[in-house]
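Single-letter residue listing:
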Amino acid sequence: MSWPVKINDIKKIQIESTNYCNARCSACHREEILLGQQQPNILGINNNYISFEQFVSWFDKDDFSSVDLFDFSGNIDEPTTNPDLLDILKWLFKADNFSKNMQVNIATNGGTRNKDFWKKLANISADNKFTTKDYRGYNRLHVIFGIDGLEDTNHIYRKNVKWKKLQKNFRIYIAEGGRASWQFIYFDHNKHQDKRVKQRSIEEGFEKMKWRKTVRNKKFIDDKHPPQKQIKCKALYRQDYFGLKTSLYITNKGHVMPCCWLGTELRMKEVYDKHGYKYDINDNVLNGIKSVQDILDSDWYDNLYDTIMAKTWKTCTEKCKVNVIDAITDDFNKKG
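About the thresholds
- The numbering scheme is per chain: residues are counted from 1 as the chain's sequence reads.
- Thresholds applied to this predicted model are a pLDDT of at least 70 for local features of residues and 80 or more for the giving and counting of side-chain atom pairs; totals over whole chains, interfaces and linings are not thresholded and use all residues.
- Only hydrogens and water are set aside when side-chain values are computed; all heavy atoms of the structure are taken into account.
- Helical segments are the DSSP runs of H or I of at least four residues, strand segments are the runs of E of at least two, and each set is numbered from the N terminus.
- Only protein chains enter the accessibility calculation, which uses a 1.4 Å probe; a residue whose area is less than 20% of its type maximum is buried, one above 50% is exposed, and one in between is partly exposed.
- Contact criterion: two residues are considered in contact whenever any of their non-hydrogen atoms come within 4.5 Å of each other.
- A 1.4 Å probe and the Shrake-Rupley method give the accessible areas. Residues count as covered only by the protein chains that appear here.
- Within this document, salt bridges are pairs made up of a side-chain nitrogen of Lys or Arg and a carboxyl oxygen of Asp or Glu, the two lying within 4 Å of each other.
- We treat two strands as partners when DSSP finds at least two bridges between them.
- Throughout, right-handed denotes a crossover for which the path from the first strand over the helix to the second runs clockwise when the strands point away from the viewer.
- Every angle, taken between N-to-C directions, lies between 0 and 180 degrees, and every axis is a line fitted to C-alpha atoms, over only the stretch in contact when it is a helix.
- Between 65 and 115 degrees an angle is taken as roughly perpendicular, under 35 as roughly parallel, over 145 as roughly antiparallel, and anywhere else as oblique.
- The handedness criterion is simple: a crossing whose near helix is rotated anticlockwise from the far helix by less than a right angle is left-handed, and one whose near helix is rotated clockwise is right-handed.
- Aromatic pairs are defined between Phe, Tyr and Trp rings, using the six-membered ring for Trp, whenever the two ring centres lie within 6.5 Å; interplanar angles under 30 degrees are classed as stacked, those over 60 as edge-to-face, and all others as tilted.
- We call a charge positioned above a ring when the Lys NZ or Arg CZ atom is no farther than 6 Å from the ring centre and deviates by at most 35 degrees from the ring normal.
- We define the nonpolar core as a collection of buried residues of types Ala, Val, Leu, Ile, Met, Phe, Trp, Tyr and Cys that are connected through side-chain atoms lying within 4.5 Å of one another.
- Residues adjacent in sequence count toward polar contacts only when both atoms are side-chain atoms; beyond that, a polar contact is any pair of N or O atoms within 3.5 Å, and within protein one must be able to donate a hydrogen and the other to accept it.

Draft legend 1. The overall build of the chain, seen in detail. Assigned secondary structure in the chain consists of 13 helices and eleven strands. Counting only residues that meet the buried cut, the chain has 54% of its 336 residues in that class. Across the chain, the fraction of contacts at a sequence separation of at least 24, relative to all contacts at a separation of at least 6, is 77%. As displayed, the chain has an accessible area near 15600 Å², and 48% of this comes from carbon and sulfur atoms.

Draft legend 2. Spotlight on the environment of E203. Within the element layout of this structure, E203 appears in helix α8 (residues 194–204). Between the alpha carbons of E203 and N333 there is a distance of 9.7 Å; along the sequence they are 130 residues apart.

Draft legend 3. The arrangement of the pattern of salt bridges in detail. A full pass over the atoms with the stated rule returns 17 salt bridges. Across the pair D148 and R158 runs a salt bridge whose closest N-O atoms are separated by 2.7 Å. With D148 in the loop between β4 (141–146) and α6 (154–157) and R158 in the loop between α6 and α7 (163–175), this residue pair connects regions lying ten residues apart in the sequence. For the residue pair D148 and R158, the accessibility class agrees, reading buried in each case. Ionic pairing is found between E270 and K274, a salt bridge with its closest N-O pair at 3.9 Å. Of this pair, E270 and K274 both sit in helix α9 (residues 265–274), four residues apart, which is roughly one turn of the helix. By sharing partners, the salt bridges in this structure join R171, R200 and E204 into a single network.

Draft legend 4. Fine view of the pairing of strand β3 (residues 103–108). The element β3 is largely enclosed, with a buried count of five among its six residues. Direction of pairing for strand β2 (residues 69–72) relative to β3: parallel, over a ladder of four bridges. Across the sheet, residue F72 finds its bridge partner in β3, namely I106. In this view, the connection linking β2 to its parallel neighbour β3 by way of helix α4 (residues 85–94) has right-handed handedness. Between the parallel pair β3 and β4, the chain is carried across by helix α5 (residues 115–127), and the sense of this crossover is right-handed.

Draft legend 5. Summary view of the packing of helix α3 (residues 52–59) against α4. Two elements in contact, α3 and α4, have axes separated by 9 Å at closest approach and are oriented at 25 degrees. Regarding the angle of α3 to α4, the classification is roughly parallel. Along this stretch, α3 crosses α4, giving a crossing that reads as right-handed. Between α3 and α4, the residues in contact are F52, F55, V56 and F59 and D87, I88, W91 and L92, respectively.

Draft legend 6. Here's a closer look at the sheet that holds strand β1 (residues 12–15). What the nine strands build is an open sheet, ordered β9-β8-β1-β2-β3-β4-β5-β6-β11; its pairing is mixed. If you trace the sheet from one side to the other, it starts and ends with β9 (256–257) and β11 (327–332), each paired once. In this sheet, strand β5 (residues 179–185) lies alongside β4 in parallel orientation, the contact comprising five bridges. Bridging across to β5, G146 finds its partner in Q183. Across the sheet, α5 lies against β3, β4 and β5, angled at about 135 degrees from β4, the strand it touches most.

Draft legend 7. Expanded view of the pairing of strand β6 (residues 208–213). The buried fraction of β6 amounts to five of the six residues, a majority that puts the element mostly inside the structure. Remark: the β5/α8/β6 crossover connection has right-handed handedness. Here β6 runs beside β11; their pairing, made up of six bridges, is antiparallel. Residue pairing for β11: K208 is matched across the bridge by F332.

Draft legend 8. Quick peek at the packing of aromatic side chains. Summed over all chains, the structure comprises 27 aromatic pairs. Against the face of Y186 rests K213, its NZ or CZ located 5.8 Å from the ring centre.

Draft legend 9. Structural view of the nonpolar core. Counting 83 residues, the largest nonpolar core has W3, F55, F59, F70, F72, L121 and F145 as its most contacted members. Take this core: its biggest share by element is seven residues, from α4.

Draft legend 10. Spotlight on the environment of N128. Checked against the element boundaries, N128 lands in the loop between α5 and β4. On the accessibility criterion, N128 (17% relative accessible area) is buried. Through-space distance from the C-alpha of N128 to that of Y138 is 8.4 Å; in sequence the pair is ten residues apart. In contact with N128, not counting residues within four places along its chain, are F93, Y138, N139, R140 and L141.

Draft legend 11. How the structure looks around α3. Where α3 is concerned, the buried positions are F55, V56, S57, W58 and F59. As for α3, its buried residues are in contact with β1, β2, α4, β8 (247–250) and α10 (292–296).

Draft legend 12. Geometry of the side chain of D62. Within the fold, D62 resides in the loop between α3 and β2. Within the local environment of D62, its side chain forms a polar contact with the backbone nitrogen of V292, the two atoms lying 2.9 Å apart. Separated by 3.2 Å, the side chain of D62 and the backbone nitrogen of Q293 make a polar contact. The contacts of D62, once residues within four sequence positions are left out, are I7, N97, S291, V292 and Q293.

Spelled out as structure tokens, the structure:
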């Protein structure tokens, strides 16, 4: 069976815009590489970002009008470290081949850049509004700050993120009209602070809290959808699955993968070893010439579905057969 998704089926594009990051979160794939004593430049750490020119050449060839969420949130990146991010965002909001009501999310630890950057990011957020009935007047650019506690606990997981800088940054961004949410991951060391964090988020002007119980510290089994007898790919079948969207994941090197779980370079090795070896190694890589649809029409993608169903891939089994998921709850501080 060929890959049953074309461009006009895609609702979400998730992109890893760089492989730089200021933090060293213990459960991040970056640490899996570093603690495994791999050389950072072999697997791609701190040596690449998607330039403005690259980004435009990757996304100017297809009709992405069906995409309602463009998500800057990769496996190993801190999006704000990309020096071209502001220019990329400006182009994305003006591009004719994207919906004028598409939401753009940025996931950040909030501990980078300076006052000027966060003011400019807030201005981009404030200058681009939804026109649809349900969200009319809301900013289309939404920044999710990953803040796992308060001044005395956030750094325990978010290592190297300095609280004073983080606080200064989110205050500037919100004060200048930027739309923001506070995401809190539960750990043993911070779970006692959730009520204080909620109150703090209200006081600071965050739109909502995103509470996250995650596979970083425990496997959560979805009891509404019992374990499958076979793989049920969440990149394809997501209509009733906690609001998840038919998606594509794009790495900082331009690899087009079905999902972020298969998008780390260590996981991609498994895919190439069991499937990709039959094809040109660049068949699923954006290069400025091929469109995303060209990649979905390639032999590499044409046979990917059958390989996922036939092969025993640890990642696919865990995520799309056993139904291990992150439990995420949105808690609005004001009507949203």
